[in-house]
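Reading the structure
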Amino acid sequence: MKRLLICAVIASSATALPAQAAWEGFDQVQPINSGLSAPFQLDASYVTPWHVGGASAGDVDDDGLVDVILLRGDNPPRLFINQGDGKFVDRTTAAGLVGIDGIPNGAVLADVDGDGTLDLLLGGIREGTGPEQETTPIRLFLNDGQGMFTDATAASQLTSSMDAHSMALADIDSDGHLDLAVAYWQAGGEGGTAAGHLWRNLGNGQFEDVSIQAGVGPFNVDKTFHFTPNFTDIDGDGDPDLLIAADFENSRVFKNNGDGTFSDTTDSNVITDENGMGATVGDFDNDGHMDWFVTSIWDDEISPHYGTTGNRLYRGLGDGSFEDVTDTAGVREGDWGWGTCAADFDNDGWLDLFMVNGYQGHNPKFADNPARLYMNNGDGSFTEKAVAMGIDSGGQGRAVVCFDSNNNGQIDVIVQRNSPLGGGSVEPEFYRNQGHPDHHWLRVRLRDIGPNRLAVGARLELTAGGATQVREIRAGNNYLSGEPIEAHFGLGNAATADLTIRWPDGTETSQSGIEANQILTLDRAIIFSNRFE
């Protein structure tokens, strides 16, 4: 549990103990100071454009600094390279990301071709509702290792006939290649298809559609209303399972059978979010099991058009099942939710939650709702503190990226927003974490052997100060967004930590007495080489 801070008065000296320092929250950094100018504009002629956005963070040029790509509606995306001094520089053209037309929607940076560098995947939607309107395709851009991208969409064999939203990657069949899940939301719910939802990576940036044979496609035939997929190991067997947050009571739990096929194990008595939008996964109660937070719609007025009972926090029980702990956690009321992330913002050893929201249709009350920052109390409950901690974000929030932008161990936040009600353009928001002066941290980057060089699917168990935390290395998604493929731990007052890694193939390695406040890169090949020297 989080420690209560007690100030005592010593009678003999009548001197109070010095007050312990507190977390200082966030400062908003304007685009003119951060360099992150990426105005979003998209005139909505039908419902799907109201969903649109995208952002992703990762070190695309391998210089140790996290870079950012931001989507801008029907304007081309922009790639920003981190300068290491708190500023970013637009390098879109120099990186070869030119001529990207249509309406890109959702972005993920991940190593698709197994060369150890971050490639770029973009989803996309149609530019109108008519049958003559072509869907903006899913696109793949391969990184040459120096931050230069080449359009490899044609060779990838990726196709889409619907409006692609969020994407996530994991090695579902243990062949070392990252496979791809794609969430589609189709306006009107008509024309659903069993194809295109799960793609097996054949290596070298090529994919084949395995949705039907893997058991994921059949439930999509009648209607397709999916927003956010997440791969995570919910039963502890080392295989990535698939969680899908979806609209209109369609959220699903797919358990990996161990051979790249999945079984739908959704318990409709527990998985009750009516309109799942964004989602994130993490061990919020530090019991070693992955929990699932799903943003949805909260409205204290009864509406005949949409479910209104709010967000859900599903506590993982470790056997692939969940229990609903939303009310105990106090995270239900989030208005019309979209992107979300799990991060230890105050580095106290407990994962917190951040979410954005807003919608342009149905009800004007959702036009300018405040973002939510749920701080973990360490007892199963959260306290909302967004404005108190410096995040005063409203409007039409969509994608969220939470990452350490300046390598100081503090998790910062980027909010990418959709056009405001009535049209016009809007800049993203960047909130820099001022940190807790007494709390320590550790960031861990893994390098594995084989094509899954960034060790997506690894499980990290860290013990510090008598408490144990678990993280997974994942690639996407919060909703239309992706974060660096690494793990961040808050250590509280602990100055050292012990770490055990279960690599994607099940091999375990351990390291003790790791000093706090560093970015630790662990290369499996070097670890094993040192064992035999």
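Because the structure is a prediction, the values reported are computed rather than measured.

Definitions and limits used
- Residues numbered from 1 in each chain as written.
- Predicted model: local features only at pLDDT ≥ 70, side-chain atom pairs only at ≥ 80, totals over all residues.
- Heavy atoms only, no water.
- Pairing = 2+ DSSP bridges.
- Helix = DSSP H or I, 4+ residues; strand = E, 2+ residues; numbered from the N terminus.
- Axes fitted to C-alpha atoms, helices over the stretch in contact; angles between N-to-C directions.
- Disulfide = S-S within 2.5 Å.
- Buried < 20%, exposed > 50% of the residue type's maximum accessible area, 1.4 Å probe, protein only.
- 1 Å grid on protein atoms, 1.4 Å probe; cavity = no way out; pocket = protein on both sides within 12 Å on 5 of 7 lines; lining within 4 Å.
- Points joined across faces, edges and corners; volume = space filled by probe spheres on them.
- Nonpolar A, V, L, I, M, F, W, Y, C, P; charged D, E, K, R; others polar.
- Domains from an automatic or database assignment.
- Contact = heavy atoms within 4.5 Å.
- Buried area = accessible area lost by both parts, 1.4 Å probe.
- Salt bridge = Lys/Arg side-chain N within 4 Å of Asp/Glu carboxyl O.
- Polar contact = N/O pair within 3.5 Å; in protein donor to acceptor, adjacent residues only side chain to side chain.

Considering the sheet that holds strand E37 (residues 508-515)
Here four strands make up an open sheet; going across it, the order is E33-E32-E36-E37 and the pairing antiparallel. Pairing within the sheet leaves two strands with one partner each, and these edge strands are strand E33 (467-472) and E37. With direction set aside, neighbouring strand axes in the sheet form an average angle of 20°. With five bridges joining them, strand E32 (residues 459-464) and strand E36 (residues 496-502) adopt antiparallel strand pairing. Note on E36: the bridge partner recorded for leucine 462 is leucine 499.

Examining the state of the cysteines
Tallying each qualifying case throughout the model produces one disulfide. Here cysteine 341 pairs with cysteine 402 through a disulfide, and the sulfurs are 2.0 Å apart. Taking the torsion about the sulfur-sulfur bond, which here is approximately -70°, the covalent link between cysteine 341 and cysteine 402 counts as left-handed. Of this pair, cysteine 341 sits in strand E24 (residues 337-343) while cysteine 402 is found in strand E28 (residues 397-403), placing the two residues 61 residues apart along the sequence. Take cysteine 341: its relative accessible area is 0%, and that puts it in the buried class.

As for empty space enclosed by the protein
Inspection of every chain in the model, using the stated rule, returns three cavities of 30 Å³ or more. Estimated volume of the largest cavity: approximately 500 Å³. If you list the elements that add at least two residues to the lining of the largest cavity, you get strand E20 (279-282), E24, E28, E33 and strand E35 (487-492). Across the lining of the largest cavity, the residue classes break down as 13 nonpolar, eight polar and nine charged. Built from parts of two domains, the lining of the largest cavity gets at least three residues from each of domain 1 (26-435) and domain 2 (440-530).

A few points about the layout of surface pockets
Volume-wise, the second largest pocket comes out at about 430 Å³. As for the second largest pocket, its lining consists of 30 residues, and the residues nearest its centre are Asn452, Val456, Gly457, Pro504 and Asp505. For the lining of the second largest pocket, the secondary-structure elements that each account for two or more residues are strand E12 (164-170) and strand E16 (226-232). Considering only residue class, the lining of the second largest pocket consists of twelve nonpolar, nine polar and nine charged. Two domains each put at least three residues into the lining of the second largest pocket: domain 1 (26-435) and domain 2 (440-530).

As for the domain arrangement of the chain
Often, the extent of an interface is quoted as the loss of accessible area on bringing the components together. What the domain assignment lists for the chain is domain 1 (26-435) and domain 2 (440-530). Computed from C-alpha coordinates alone, the two centres of domain 1 and domain 2 are separated by 22 Å. Listed as interface residues are 69 residues of domain 1 and, on the opposing side, 34 residues of domain 2. Overall, the association of domain 1 and domain 2 removes approximately 3600 Å² of surface from exposure, summing both partners, and the carbon and sulfur fraction of that is 51%. Of all residues in domain 1, Leu178, Met290 and Asn347 give up the largest surface area on contact with domain 2, accounting jointly for 11% of the area buried on that side. Across the pair arginine 443 and aspartate 404 runs a salt bridge, and its minimum N-O distance is 2.9 Å. Across the contact surface, domain 1 and domain 2 share 29 residue pairs in polar contact (both at pLDDT 80 or more). Those elements that provide at least two residues to the side of domain 1 that touches domain 2 are strand E4 (55-58), strand E8 (103-110), E12, E16, E20, E24 and E28. In terms of residue class, the side of domain 1 that touches domain 2 is built from 30 nonpolar, 31 polar and eight charged.

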